[in-house]
Amino acid sequence: GEQVEQLPSILRVQEGSSASINCTYENSASNYFPWYKQEPGENPKLIIDIRSNMERKQTQGLIVLLDKKAKRFSLHITDTQPGDSAMYFCAASTTGGYKVVFGSGTRLLVSP
Amino acid sequence: GALVYQYPRRTICKSGTSMRMECQAVGFQATSVAWYRQSPQKTFELIALSTVNSAIKYEQNFTQEKFPISHPNLSFSSMTVLNAYLEDRGLYLCGARRDNTEVFFGKGTRLTVV
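Residues numbered from 1 in each chain as written. Chains lettered and ligands numbered in written order. Predicted model: local features only at pLDDT ≥ 70, side-chain atom pairs only at ≥ 80, totals over all residues. Heavy atoms only, no water.

**Re the interface of chain A and chain B**
Opposite the 22 residues of chain A that make contact, chain B presents 22 residues. Between chain A and chain B, a total of about 1,800 Å² is buried, with carbon and sulfur atoms accounting for 53% of that surface. Joining chain A to chain B, the criterion identifies one salt bridge. Here Lys107 of chain B ties to Glu42 of chain A by a salt bridge, and the two come within 3.1 Å at their closest N and O atoms. (Contact = heavy atoms within 4.5 Å. Buried area = accessible area lost by both parts, 1.4 Å probe. Salt bridge = Lys/Arg side-chain N within 4 Å of Asp/Glu carboxyl O.)

**Here we look at the pairing of strand β4 (residues 32-38) of chain B**
All names here are of chain B. Of all seven residues in β4, seven are buried, a share of seventy percent or more. Burial along β4 is two-sided: the residues Ser32, Ala34, Tyr36 and Gln38 and Val33, Trp35 and Arg37 are all buried. Pairing analysis gives seven bridges linking β4 to strand β5 (residues 44-51), with the strands arranged antiparallel. In the sheet register, Gln38 faces β5, and the bridge partner there is Phe44. In textbook terms, the turn of a hairpin is the stretch between consecutive antiparallel strands, and for β4 and β5 this stretch comprises five residues, one of which, Gln41, has a positive phi near 65 degrees. Of the pairings in the sheet, the one linking β4 to strand β9 (residues 90-97) comprises seven bridges and is antiparallel in character. Bridging from a neighbouring strand, Arg37 pairs with Tyr92 of β9. (Buried < 20%, exposed > 50% of the residue type's maximum accessible area, 1.4 Å probe, protein only. Helix = DSSP H or I, 4+ residues; strand = E, 2+ residues; numbered from the N terminus. Pairing = 2+ DSSP bridges.)

**Points about the sheet that holds strand β1 (residues 3-7) of chain B**
All names here are of chain B. With antiparallel pairing, the four strands of this open sheet are ordered in space as β1-β3-β8-β7. At either end of the open sheet lies a strand with only one pairing partner, and these are β1 and β7 (69-73). Each neighbouring strand pair of the sheet contributes to a mean axis angle of 15 degrees, computed without reference to strand direction. Sheet topology note: the strand β3 (residues 19-26)/strand β8 (residues 76-81) ladder contains six bridges and is antiparallel. Following the sheet pairing, Gln24 is matched in β8 by Phe76. (Axes fitted to C-alpha atoms, helices over the stretch in contact; angles between N-to-C directions.)

What follows is the structure, given as structure tokens:
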């Protein structure tokens, strides 16, 4: 299968706390995992990605973890701010396969 | 930088009519272009994927007869929604990639069917 499952669908956190979004994938050949942030009325924008030769990647308050054995990857936003409120989508893709399969999205709500 | 432009941004069409939307990659040559639909409250459904030197591949539930796509070169693609009905409404996104890099999305064409 090619499905990507994403949880939770809604995530409410307090400003300054961390937020975690989890995704699982079915295709064991998947080796590229991007995360997109979509604000209302806007197109999705890549915020961080990880390839299968890595287990962890960090950039500007974002951490992505990849567990290939469990076919699981996750996004962790540290020190959340109200500006982090948006829809977040995980996705999976394979080398040589141009298809990118998206998760169902997580609505993150950061309250002051 | 790499950008993807989509036109029009918003469109309203009468039920049963058709509308065409366009996608232009700027600053890079896209080796693949995918059309997605984001329906209200849903994630991205892949409609079809067009890659260099390959036929356009449609996903289940989407057909060439309903969503004909033209991809004449590495920077331009267009898709038509034929006979649009209420269930076709949503945000149509074009995503272009160069090789196995990130997908660059356009801002989408929001289709309203009345």
